[in-house]
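Topology and contacts: notes
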Amino acid sequence: MSARTETSNDIASESANAIDLVNEDNSTTKQHTHIGQAISGNNINWEAQLPIKLIAHIIDNFHEKHRMQFQQLIQLTKAVKLKNTDHADYPHHLESHLSQMKYELEEHMMKEEAILFPMIMKGYYPSGPISVMEAEHLEHEKALEKLTTLTNKFTPPHDADEDWQRLYAKIHELYNDLNEHIHLENNILFMQG
């Protein structure tokens, strides 16, 4: 586990209020995004880069970010649920779906980091493990579509409070990030071999 993940876990476990954690993280995420753009550059042609550079980008800008996103989203979902459990439009399966997605993505990223990425960095593109990762990406895409349905395409009800609106905005961010992550792996990294 990286120092960055341990730090976010420490922050989360010490925080009694999930909403404060998310508010505090908004500025950090914005700073990280700007720093990441400056270092890795959104304008980089990843097809022309060495696999090791793309793998580093994926781990730093997606794997680590997803770990923080799910932790925060689950906490914020719990806080929003407490205030809106009787609301007719509250998606009661949202927390369990996010938890299942987190579990499946953690397992997936662990396999990539421990097995597949080290092989690719040595110049091996094993078709079996790559096929498994691509199949799991299809499952992640299905989970994202269910997330879209649960959140009414990331659109909170007209009477949703600020926290509910923030929750859906952050879920939409996760949706975009995970789709980009899958694209970089399926359509660029795995095709370089």
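For the structure given in this document, a descriptive report is provided here.

Let's talk about the pattern of salt bridges
Counted under the stated rule, the structure contains 12 salt bridges. Note that E136 and K111 form a salt bridge whose closest N and O atoms lie 2.4 Å from each other. Of this pair, E136 sits in helix α5 (residues 127-150) while K111 sits in helix α4 (residues 94-121), and the two are 25 residues apart along the sequence. Of the charged contacts, one joins E139 and K142 as a salt bridge, the two residues approaching to 3.4 Å between their closest N and O atoms. With E139 and K142 both in helix α5, this residue pair falls 3 residues apart, about one helical turn. Several salt bridges converge on common partners, so that one network encompasses K83, D161, E162, D163 and R166.

Quick word on the environment of A88
Positionally, A88 belongs in the loop between α3 (51-84) and α4. When the C-alpha positions of A88 and P157 are compared, they lie 9.6 Å apart, and in sequence the two are 69 residues distant.

A few points about the packing of α3 against helix α6 (residues 162-189)
Between α3 and α6, the shortest axis-to-axis distance is 9 Å and the interhelical angle comes to 155°. In this view, α3 runs roughly antiparallel relative to α6, as classed from their interaxial angle. Here the hand of the crossing between α3 and α6 comes out left-handed. For the contact of α3 with α6, the residue count by class is 17 nonpolar, 7 polar and 9 charged.

What to know about a nonpolar patch on the surface
A surface patch of nonpolar side chains, amounting to about 310 Å² of accessible area, comprises L50, I52 and M121. Along the polypeptide, I52 turns up in helix α3.

A closer look at the packing of aromatic side chains
Any two aromatic rings considered together are summarised by their centre-to-centre distance and by the angle between their planes. A complete count under the given rule lists 3 aromatic pairs for this structure. Ring centres of W164 and Y168 lie 6.2 Å apart, and the angle between their planes is 90°; this geometry places the pair in the edge-to-face category. Placement of the pair is W164 and Y168 together in helix α6, with a separation of 4 residues, close to one helical turn. Across the pair, exposure class does not vary: W164 and Y168 are buried alike. By way of ring pairs, the aromatic residues Y90, W164 and Y168 are connected into one cluster.

About the cut-offs
- Position numbers for residues start from 1 in each chain and track the written sequence from start to end.
- Only residues with pLDDT of at least 70 are given local features in this predicted model, and only at 80 or more are side-chain atom pairs given and counted; all residues enter the totals for whole chains, interfaces and linings.
- Hydrogens and water molecules were not included; the side-chain quantities draw on all heavy atoms of the structure.
- Take a side-chain nitrogen of Lys or Arg and a carboxyl oxygen of Asp or Glu: if they are within 4 Å of each other, that pair is a salt bridge.
- Runs of H or I in DSSP of at least four residues are treated as helices and runs of E of at least two as strands, each being numbered from the N terminus.
- Axes here mean lines fitted to C-alpha atoms, for a helix over just the part in contact, with angles spanning 0 to 180 degrees between N-to-C directions.
- Roughly parallel means an angle under 35 degrees; roughly antiparallel, over 145; roughly perpendicular, 65 to 115; everything else is oblique.
- Helix crossings get a hand from a simple test, with the near helix turned counterclockwise from the far one by less than a right angle marking a left-handed crossing and a clockwise turn marking a right-handed one.
- Three classes are used: nonpolar for Ala, Val, Leu, Ile, Met, Phe, Trp, Tyr, Cys and Pro, charged for Asp, Glu, Lys and Arg, and polar for all others, with Gly counted as polar.
- Patch construction takes residues with relative accessible area above 30% that form no salt bridge. Like charges are linked within 9 Å, and nonpolar side chains (Val, Leu, Ile, Met, Phe, Trp, Tyr) are linked within 5 Å.
- Values of accessible area rely on a 1.4 Å probe in the Shrake-Rupley scheme; residue burial ignores everything except the protein chains shown.
- A pair of aromatic rings is counted whenever rings of Phe, Tyr or Trp (Trp by its six-membered ring) have centres within 6.5 Å, and the orientation is called stacked for planes under 30 degrees apart, edge-to-face for over 60 and tilted otherwise.
- Partly exposed residues are those whose accessible area sits between 20% and 50% of the maximum for their type, while under 20% is buried and over 50% is exposed, using a 1.4 Å probe and protein chains only.

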